[in-house]
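Listed below are the residues making up each chain.
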Amino acid sequence: MTTIFRAMNAQDLQYYYAMTQQLKWPHRPEDWQQALGDGVVIKEQGKLLGSAIL
């Protein structure tokens, strides 16, 4: 298995917003938009595993 770490991009935002809805976090899509440029995506076999904001 290959784990990929890459910069967060605009296409990822829908997944993160869906996650915040599921977890009942108060983050809005605009909040995730601000993470672009500072966020890192972690994927394995094409599946999104997580993220980090640096």
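Residues numbered from 1 in each chain as written. Predicted model: local features only at pLDDT ≥ 70, side-chain atom pairs only at ≥ 80, totals over all residues. Heavy atoms only, no water.

### Looking at unusual backbone geometry
Here's step 1: We note that Lys24 has phi near 60°; this positive angle belongs to a residue other than glycine.
Here's step 2: Locating Lys24 in the fold gives a position in the loop between helix H1 (13-23) and helix H2 (29-35).
Here's step 3: Positive phi outside glycine occurs at Gln45, with the angle close to 50°.
Here's step 4: Tracing the backbone shows Gln45 in the loop between strand E2 (39-44) and strand E3 (47-53). (Helix = DSSP H or I, 4+ residues; strand = E, 2+ residues; numbered from the N terminus.)

### Observations concerning the confidence of the model for the chain
Here's step 1: Chain-level statistics for the chain give a pLDDT mean of 89 and a share of 100% at 70 or above.
Here's step 2: The secondary structure element of the chain with the lowest average pLDDT is E3, at 86, and the one with the highest is strand E1 (residues 3-7), at 93. (pLDDT = per-residue confidence, 0-100.)

### Here we look at the nonpolar core
Here's step 1: Among the nonpolar cores identified, the biggest contains six residues, and these are Met8, Leu13, Tyr16, Trp32, Ala35 and Val41.
Here's step 2: Secondary-structure elements contributing two or more residues to this core are H1 and H2.
Here's step 3: Apart from the residues within four sequence positions on either side, Ala35 is in contact with Met8 and Ile53. (Core = buried A, V, L, I, M, F, W, Y, C linked by side-chain atoms within 4.5 Å. Buried < 20%, exposed > 50% of the residue type's maximum accessible area, 1.4 Å probe, protein only. Contact = heavy atoms within 4.5 Å.)

### As for the pattern of salt bridges
Here's step 1: Using the criterion set out here, one finds two salt bridges in the structure.
Here's step 2: Between Asp12 and Arg6 there is a salt bridge; the shortest N-O distance is 2.9 Å.
Here's step 3: Under the relative-accessibility criterion, Arg6 is labelled partly exposed at 26%.
Here's step 4: We note a salt bridge from Arg28 to Asp31, for which the minimum N-O separation is 2.9 Å.
Here's step 5: Judged by relative accessible area, Arg28 falls into the partly exposed class, the value being 46%. (Salt bridge = Lys/Arg side-chain N within 4 Å of Asp/Glu carboxyl O.)

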